[in-house]
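Listed here are the chains, written in short residue letters.
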Amino acid sequence: MHSQRKFSICTAMLLLVALATAFLPIRAQTPSTYQATLAIRLDQPGAVINRNLYGQFAEHLGRLIYEGLWVGEGSPIPNTRGLRNDVVAALKELHVPLLRWPGGCFADEYHWRDGIGPRDKRPRRPNASWGGVDTNAFGTHEFLDLCEMLGADAYINGNVGSGTPQEMMDWIEYMTSDADSELANLRRSNGREKPWKIPYFAVGNETWGCGGNMRPEYYADVYRRYATFIKNHSGNRIQKLAAGGYDNNYNWTEVLMAQAAKQMDGLSLHYYTLPTGKWEKKGSATQFDEKEWHSTLLRALRIDEYIQKHSAIMDKYDPEKRVGLMVDEWGTWYDSEPGRDMGALYQQNSLRDAIVAGISLNIFNQHADRVRMANIAQMVNVLQAMILTDKDKVVLTPTYHVFRMYRVHQGATLIPIELKSPEYKLGDAAVPALNVSSSRDAEGRLHLSVVNLNATRTAEITTTFSGGTFKNVTGEVLTAGAVNAINTFDQPNAVRPQPFSAAKLQGSQLTLSIPAKSVVVLELK
Ligand code: AHR
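Only a predicted model underlies this, so the values are computations on that prediction, with no experimental measurement involved.

Close contact between helix α8 (residues 290–317) and helix α9 (residues 351–366) brings their axes to 10 Å; oriented N to C, the two are set at 15°. One way to sum up the angle between α8 and α9 is to call them roughly parallel. Along this stretch, α8 crosses α9, giving a crossing that reads as right-handed. On α9, the residues that touch Glu292, Trp293, Thr296, Leu297, Ala300, Leu301, Ile303, Asp304 and Ile307 of α8 are Leu351, Arg352, Ile355, Val356, Ile359, Ile363 and Phe364.

Below, the structure is given as C-alpha cells:
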C-alpha cells in the first residue's frame, strides 16, 4: 500500500514535469510583458476637453427613470423629492456635467404637457418605443430638479417625429421665460418661480429611423424649420443640435452640413459597440472568451475612424469648427439576459465595459477640437450603465469607476502624445495593445489615462516628457482576475479601483508597468 502510494506520487510528478516542458515553447513565444514608448508633448498643448464629453443619457426606457432614478416621495427607499438618494449620491461623485433626456426614440413620442402639474392628474400613456405604460410622474420639473441636484447642464431632446414647432416653442418658453406670460405663469403655478437655464436642445432623434424615417434632404429642411422656433428667453442661450447619422453614415453628415450648418450649433453621431457586429445576435454581456473580448475592443476602436471621417466632412463646410460633433449615444449593446424583458435593455457590465469606456473616452479627448459632447447610453439599468439597481439595492459598475477615474480630464487641456506600442493580435485580427490620452488641468497637474487592451500581457512603458518635468506621481488601477469579472449585489466590489504603485519617476523619465486588461489613471505634479 505504502510503496504503491509512493509510486503514484512519483508518476504524478513526472507527468507534471512532462506537461510543463510541453508548454514551455508556448510560454517562450508569448512572454508575459511587452515594451512600449510614450512621448508626452507638454510643449504643444491642444484643445480644451469640453467637460460635456463626460455626459450621460437618461431615457424613459426599462427601469432607468422609474426605479433607477425616480421612486416617488412616498417610497420606503430614501429619496429627496422622489429622486432616490443612493443613486444621486453615487452620480454626484462622477461630476456629471450634462444629462440628456427624455430619449432616444422616446423623445419623438413625448408630449411635455403630459409631464407637468399635479402628478395624480397626469395621463398614463403607453411607451410605444419600449413597452409598458408611462405614468408621467417624472416630467420636466423632476428632470430639471435632478439636473440641479447633480450640478449638471440640461440637454433636452425635442419631439419632431410626432410633435409640432409650436409644441417645441411652447416647451422652451415654459422652461426658460421670466416674462409675465401664460406659459411662464403656468410654470410658476406648478411650483417653479425662477426659469431654468436650458443650454442644449435637439431637434429630434435618429430622424433617419425611429424619429421619423426621413431622408437627409427632407430632414435638413425640417430641421431648419423647427430650429427657427427655438427661441432664447430671459438671457437663456440655447445651442441647437441637429439629429445626426450613425456609424459610417457619412452621407447624412454631408447633406446636413451642406444644407443646414448655418442653423446648427451641433450635429450628433450615434455609435454602439456590439461584440459580433450583428444586431440579430449581438453577444452576451458576461459569457465570452478572449476572442469576443478582442472583437468587442476592435469594434469599440472604430469610433476613432468614424469621428475622423465625419469631422473631415464637417471641416469642408465649417473649417472654423464652430459646429460641434456631439456623440450623444455611445456604449456597448449586448443581447438581453435570458428571462428579462427584452424591451428593457438591461445588461450586466464587466471589466470589458470598463475597457470600452476607457478607450472611448480617450478617443473623445483626442478629438476635443471637434467633439464637444458625448453621452454614454445610458445612466442607470439600461445598456452600458453606471449603476444597476434591484428595488432598494444598488451596485456600481466597472464603467462607473472609469467615469470616476477619468473625471480629471473634464475641462482640462489636451496634451498630445506619441505612442509606440505593439499590436495585440488574436487569430487574423489585430488592435493596438495600448490606448492613451493625456491632459493638463488649470493647476498644472498632468493626467494620463492608459488602457492595456491585452488580456494576458503587462505593458512596460518608457515615458518621456518635452516641455516640463514633474516631481511626484500617483494613480489608480482598475482590473480584475477575469476578462468577464462583474460587480453583483452580493459582491459589489469585485471590480473596483486600487492604488497604483507600478509607476517610477526618475528625472524626466517615467516607467510604467500597466497590468494586462486594465485601466490606469495617473496624476503627475
Ligand atoms: O439607447 C437606446 C436607443 O438606441 C435610443 O432610444 C435610440 O436613439 C437608439 O437607437
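The next point concerns the sheet that holds strand β26 (residues 509–514). The strand order across the open sheet formed by 5 strands is β17-β1-β22-β26-β25, and the pairing between neighbours is mixed. One side of each edge strand has no neighbouring strand; the edge strands of this open sheet are β17 (417–420) and β25 (503–506). Pairs of neighbouring strands in the sheet enclose a mean axial angle of 15°, with direction left out of account. Bridge analysis of strand β1 (residues 33–41) against β17 gives 4 bridges, and the strand direction is antiparallel. By the bridge assignment for β17, Ala39 is matched with Glu418.

Moving on, we come to the sheet that holds strand β21 (residues 446–452). Spatial strand order, β16-β20-β21-β27-β23-β24: 6 strands in an open sheet with antiparallel pairing. The open sheet has two free edges, formed respectively by β16 (413–414) and β24 (498–499), since each of these has just one partner strand. Direction of pairing for strand β23 (residues 473–478) relative to strand β27 (residues 518–524): antiparallel, over a ladder of 6 bridges. Its bridge partner lying in β27, Glu476 is registered against Val521. Contacts from helix α10 (residues 398–406) reach β21, β23 and β27, with the element oriented near 165° to β23.

Glancing now at the packing of α9 against α10. Following both chains from N to C, one finds α9 and α10 inclined at 30°, their axes separated by 7 Å at the closest point. For the crossing formed where α9 meets α10, the hand is right-handed. For the pair α9 and α10, contact is made by Leu351, Asp353, Ala354, Ala357, Gly358, Leu361 and Asn362 and by Pro398, Thr399, Val402, Phe403 and Tyr406, respectively.

Tracing the backbone through its elements, the reader meets Ile417 in strand β17. Given a relative accessible area of 18%, Ile417 falls into the buried group. The spatial distance from the C-alpha of Ile417 to the C-alpha of Ile49 is 15 Å, given a sequence separation of 368 residues. In contact with Ile417, other than residues within four places in its own chain, are Leu38, Ala39, Ile40, Gln366, Val436 and Ser438.

What follows is about the packing of aromatic side chains. Throughout the structure, instances matching the rule amount to 21 aromatic pairs. Look at Phe106 and Tyr110: their rings are 5.6 Å apart centre to centre, the planes differ by 35°, and that puts the pair in the tilted class. Across the pair, Tyr110 and Phe106 agree in class, each one buried. Here the aromatic rings of Trp112 and Tyr174 are separated by 5.0 Å at their centres, their planes lie at 45°, and the arrangement is tilted. One end of the pair, Trp112, is in the loop between β5 (98–101) and β6 (125–126); the other, Tyr174, is in helix α4 (residues 165–176), with 62 residues separating them in the sequence. Look at Trp112 and you get buried, because its relative accessible area is 0%. For Tyr174, a relative accessible area of 0% puts it in the buried group. The structure contains a cluster of three or more aromatic residues connected by ring pairs, namely Trp70, Trp101, Phe106, Tyr110, Trp112, Phe138, Phe143, Trp171, Tyr174 and Phe201. Against the face of Phe57 rests Arg100, its NZ or CZ located 4.5 Å from the ring centre. Its end group placed over the ring of Phe288, Arg352 keeps NZ or CZ at 3.6 Å from the ring centre.

Calculation criteria
- Residues numbered from 1 in each chain as written.
- Predicted model: local features only at pLDDT ≥ 70, side-chain atom pairs only at ≥ 80, totals over all residues.
- Heavy atoms only, no water.
- Axes fitted to C-alpha atoms, helices over the stretch in contact; angles between N-to-C directions.
- Helix = DSSP H or I, 4+ residues; strand = E, 2+ residues; numbered from the N terminus.
- Parallel < 35°, antiparallel > 145°, perpendicular 65-115°, else oblique.
- Left-handed = near helix turned anticlockwise from the far one by under 90°.
- Contact = heavy atoms within 4.5 Å.
- Pairing = 2+ DSSP bridges.
- Buried < 20%, exposed > 50% of the residue type's maximum accessible area, 1.4 Å probe, protein only.
- Phe/Tyr/Trp six-rings, centres within 6.5 Å; stacked < 30°, edge-to-face > 60°.
- Lys NZ or Arg CZ within 6 Å of the ring centre and 35° of its normal.

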